[in-house]
Amino acid sequence: MRIISGKHKGRRLVAPKNLPVRPTTDMCKESLFNILNNYFNFHGLKVLDLFSGTGNISYEFASRGAGPITSVDGDMGCVNYIKKTATELDLDISVIKSDVFKFLEKSKASYDIIFADPPYDLSQENFEKIIQLIFENELLDEEGMLIVEHSKHTKLDHLTNFSFSKSYGGSVFSFYEFESDEEEDYEDEDEDEG
C-alpha cells in the first residue's frame, strides 16, 4: 500500500497479513482523489472513514492536509494498526473501534467528506442503510460529499442524493451530495433581468 500524494507521497506501508481487509487498490485510490481534487481543497477538511480497514484512505487524506480525520472499524487489529501508523507519521487521525451502524446511529458530528468501504458481500439492504443513516442523522455537511465503494453487482444509483458513479474493473465509487439550489437561483435571476 502506497501513499500517492501530499507530504508522505511515495511512502510504502505494510499492513499485517492477518487483517480482515480488502484494501482499495492504488489505481482506484488515485482515480478517486483525482475526482475529489476537482471539488475540494483538502486542507482542514473533516473526514469520516467508515470500515477503514488498514487506514489506506485515511492516510491519503491526512497526507494531503485534511484533518481531523475519524476512522471507524470493528476489528481491533485494524484499529491498532491505524493508531500505530498515524502516530508514526504524525497524522491527524482518531480511530474508533465500533460497529459502523451503531456509530452512525449515535454520532452527533458532521463531516465534509464521508468515505465508506463496506465488505463487498454486505447485503444491498445494509449498503442502503449506511447511506440512509448518514443523511437522516445529518452527518454530512451541506457542501459535503459521501463516497461509497462497492462491487459492480450492488446498485446504489436509485437512492436519494445520488450524484454520479465511476467504475474501475469490478469496483464502483458512488457519490452522493445534497441537491444544489443554484440552478433555481439562476432561473430567478434571469426572470428578474427580463
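What you see is a predicted model; the values in this text were computed from it and never measured.

Caption draft 1: Seen up close, the sheet that holds strand β3 (residues 93-97). The strand order across the open sheet formed by seven strands is β3-β2-β1-β4-β5-β7-β6, and the pairing between neighbours is mixed. On the outer flanks of this sheet lie β3 and β6 (162-168), each paired with one strand and no other. Averaged over all neighbouring strand pairs, the angle between strand axes comes to 15°, with direction disregarded. Where β6 lies against strand β7 (residues 171-176), six bridges are found, and the strand directions are antiparallel. Directly across from S165, in β7, lies its bridge partner S174. Contacts between helix α3 (residues 76-89) and the sheet are confined to β2 (69-73) and β3, with β3 contributing the most and set at about 165° to the helix.

Caption draft 2: Structural detail: the nonpolar core. Formed by 35 residues in total, the largest nonpolar core has its most connected members in L32, L36, F61, I93, I147 and F175. Those elements that place two or more of their residues in this core are α1 (26-37), α2 (56-63), α3, β3, β4 (111-116), β5 (140-151), β6 and β7. Broken down by element, this core gets its largest block of residues, six residues, from α3. Setting aside chain neighbours within four positions, we find I93 in contact with S58, Y59, A62, I69, S71, I82 and A86. If you look at the next biggest cluster of nonpolar residues, it comprises 25 residues, including L48, L104, F127 and Y176.

Caption draft 3: Quick peek at the packing of aromatic side chains. For the structure on display, the rule yields nine aromatic pairs. Look at F135 and F178: their rings are 5.2 Å apart centre to centre, the planes differ by 85°, and that puts the pair in the edge-to-face class. One end of the pair, F135, is in helix α5 (residues 124-136); the other, F178, is in the loop between β7 and α6 (182-193), and 43 residues separate them in sequence. One aromatic cluster in this structure is built from F33, F42 and F61.

Caption draft 4: How the structure looks around the packing of α1 against α2. Their axes nearest at 12 Å, the elements α1 and α2 cross at an angle of 40°. As the angle between them shows, α1 and α2 are arranged oblique. As α1 packs across α2, the resulting crossing turns out to be right-handed. In this structure, α1 contributes K29, L32, F33 and L36 to the contact, and α2 contributes N56, I57, E60 and F61.

Caption draft 5: The side chain of H8, seen in detail. Note on placement: H8 falls in the segment before α1. In this structure H8 comes out as buried when scored by relative accessible area, which is 16%. Only 3.2 Å separates the side chain of H8 from the backbone oxygen of L89, close enough to count as a polar contact. Leaving out residues up to four positions away in the same chain, H8 has contacts with I3, S63, L89 and L91.

What counts, and at which threshold
Residues numbered from 1 in each chain as written. Predicted model: local features only at pLDDT ≥ 70, side-chain atom pairs only at ≥ 80, totals over all residues. Heavy atoms only, no water. Pairing = 2+ DSSP bridges. Helix = DSSP H or I, 4+ residues; strand = E, 2+ residues; numbered from the N terminus. Axes fitted to C-alpha atoms, helices over the stretch in contact; angles between N-to-C directions. Contact = heavy atoms within 4.5 Å. Core = buried A, V, L, I, M, F, W, Y, C linked by side-chain atoms within 4.5 Å. Buried < 20%, exposed > 50% of the residue type's maximum accessible area, 1.4 Å probe, protein only. Phe/Tyr/Trp six-rings, centres within 6.5 Å; stacked < 30°, edge-to-face > 60°. Parallel < 35°, antiparallel > 145°, perpendicular 65-115°, else oblique. Left-handed = near helix turned anticlockwise from the far one by under 90°. Polar contact = N/O pair within 3.5 Å; in protein donor to acceptor, adjacent residues only side chain to side chain.

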